[in-house]
Structure formats: structure tokens, C-alpha cells
Amino acid sequence: MSDIQRHHTNARMSRVVVHNGTVYIGGQTADDRSQDITGQTQQVLAKIDGYLKDAGIDKSRLLSAQVWLKDIESDFAGMNAVWDAWTSPGNTPTRATVESRLAAPELLVEIAVIAAAK
């Protein structure tokens with residue numbers, strides 16, 4: 001049985017869980033919620049970069065991503081522009097993007113990823 005490692009944990013959740021060679025990063029949102037979709041997406045992806053680094057890997061190890069947008073019609077293209085510039089060429093993960101009501105009305109995007117550990 002593999003050990004489960006939990007990182008950035010509080011009473012409610014762990015931001016990162018590593019198990020059996022897989023890194024799970026829970027849904028991330030922007031800290032500066034006054035930003036538009038470009039700014040919020042950049043913040044979210046920067047957080048994901050940091051958590052991947054903490055796990056000893058980078059975005060080239062991504063397996064899957066889930067993206068939630070507050071307004072897919074208005075924000076899909078803007079989020080994708082940032083996403084496309086951020087992903088590792090030739091290493092793009094599977095991805096699902098849906099419209100959803102997020103935890104706070106000023107949040108425009110939330111992203112969760114799964115990656116392969118080394």
C-alpha cells in the first residue's frame with residue numbers, strides 16, 4: 001500500500017495530495033478577484049506552478065485538468081489565451097471546461113489538475 005502525502009493542509013482540505021505516483025492539486029482560484037479573466041487565470045496558473053514545484057515536478061507532468069468558468073461565453077477565449085501560453089508544448093493534459101457558479105460571485109475561473117509524480 002502506498003503512503004499518502006498531504007501538503008498545504010487545513011481542517012477543510014489539502015491543496016495537494018500525492019499518492020501512488022500521482023499528484024492531485026485541488027481547485028485553485030485567484031487571490032485578487034478584481035482582475036479580469038486574463039489576470040485571474042494567470043494567478044491560478046501561477047499557484048498551480050508553485051504547487052507542482054513543491055511536489056518536485058512541473059507542468060510538463062500534467063495528466064488532466066478541470067476548468068470551471070463563471071461565464072463560458074464571455075471568458076472561454078480569454079482563459080484559453082492564457083492557458084495556451086502557459087502549457088508545456090507537446091505535454092498538454094486532457095482537459096474539461098464547464099460553466100459553473102463558483103464559490104464567490106467575483107471569481108471567474110477555478111482550475112484543478114492531476115499530474116504524474118517522478
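Rules used throughout
Residues numbered from 1 in each chain as written. Predicted model: local features only at pLDDT ≥ 70, side-chain atom pairs only at ≥ 80, totals over all residues. Heavy atoms only, no water. Salt bridge = Lys/Arg side-chain N within 4 Å of Asp/Glu carboxyl O. Helix = DSSP H or I, 4+ residues; strand = E, 2+ residues; numbered from the N terminus. Expected span 1.5 Å × (residues − 1). Buried < 20%, exposed > 50% of the residue type's maximum accessible area, 1.4 Å probe, protein only. Contact = heavy atoms within 4.5 Å. Polar contact = N/O pair within 3.5 Å; in protein donor to acceptor, adjacent residues only side chain to side chain. Pairing = 2+ DSSP bridges. Phe/Tyr/Trp six-rings, centres within 6.5 Å; stacked < 30°, edge-to-face > 60°. Lys NZ or Arg CZ within 6 Å of the ring centre and 35° of its normal. Axes fitted to C-alpha atoms, helices over the stretch in contact; angles between N-to-C directions.

What follows is about the pattern of salt bridges. A full pass over the atoms with the stated rule returns two salt bridges. Between D31 and K47 there is a salt bridge, with the nearest N and O atoms lying 3.0 Å from each other. Taken together, the residues span a long stretch of sequence, with D31 in the loop between β3 (22–28) and α1 (37–54) and K47 in helix α1 at a distance of 16 residues. As a salt-bridge pair, R33 and E106 come within 3.1 Å of each other at their nearest N and O atoms. Here E106 lies in the loop between β5 (94–99) and β6 (109–116) and R33 lies in the loop between β3 and α1, a separation of 73 residues in the sequence.

Looking now at helix α2 (residues 72–86). Taking 1.5 Å of rise per residue, 15 residues should cover 21 Å, and α2 covers 19 Å from first to last C-alpha, within 8% of that figure. When we look at burial in α2, the residues that qualify are D75, G78, M79, N80, V82, W83 and W86. If you follow the buried residues of α2, they end up packed against α1, β4 (62–69), β5 and β6. The N-cap residue of α2 is D71: its side-chain oxygen and the backbone nitrogen of E73 are 3.2 Å apart.

To continue, consider the pairing of strand β1 (residues 4–9). Direction of pairing for β1 relative to strand β2 (residues 14–19): antiparallel, over a ladder of five bridges. Within β2, the position partnered with T9 by the bridge is S14. Where β1 folds back onto β2 in an antiparallel hairpin, the turn is made up of four residues.

Scanning the entire structure with this criterion turns up one aromatic pair. In this structure, R95 packs its charged tip against the face of W83, placed 5.2 Å from the ring centre.

Let us now look at unusual backbone geometry. Phi at H8 is positive, roughly 55 degrees, even though this residue is not glycine. Structurally, H8 can be placed in strand β1. Positive phi is not limited to glycine here, since N20 has a value of about 50 degrees.

Before going further, it helps to examine the side chain of S88. Tracing the sequence through the fold places S88 in the loop between α2 and β5. For S88, a relative accessible area of 14% translates into the label buried. Among residues more than four places away in sequence, those in contact with S88 are K59 and S60.

To continue, consider the sheet that holds β5. Judged by pairing direction, the sheet is mixed, and its six strands sit side by side in the order β1-β2-β3-β6-β4-β5 without closing on themselves. The open sheet has two edge strands, β1 and β5, and neither has a second partner. On average, each strand axis in the sheet is tilted by 10 degrees relative to the strand beside it, whichever way the strands run. One ladder, built from four bridges, connects β2 with β3; its direction is antiparallel. Residue pairing across strands places V16 opposite I25, the latter belonging to β3. Together, β1, β2, β3, β4 and β6 form the strand contacts of α1, whose direction differs from that of β6 by roughly 25 degrees. Across the sheet, α2 is in contact with β4, β5 and β6; its angle to β5 comes to roughly 155 degrees.

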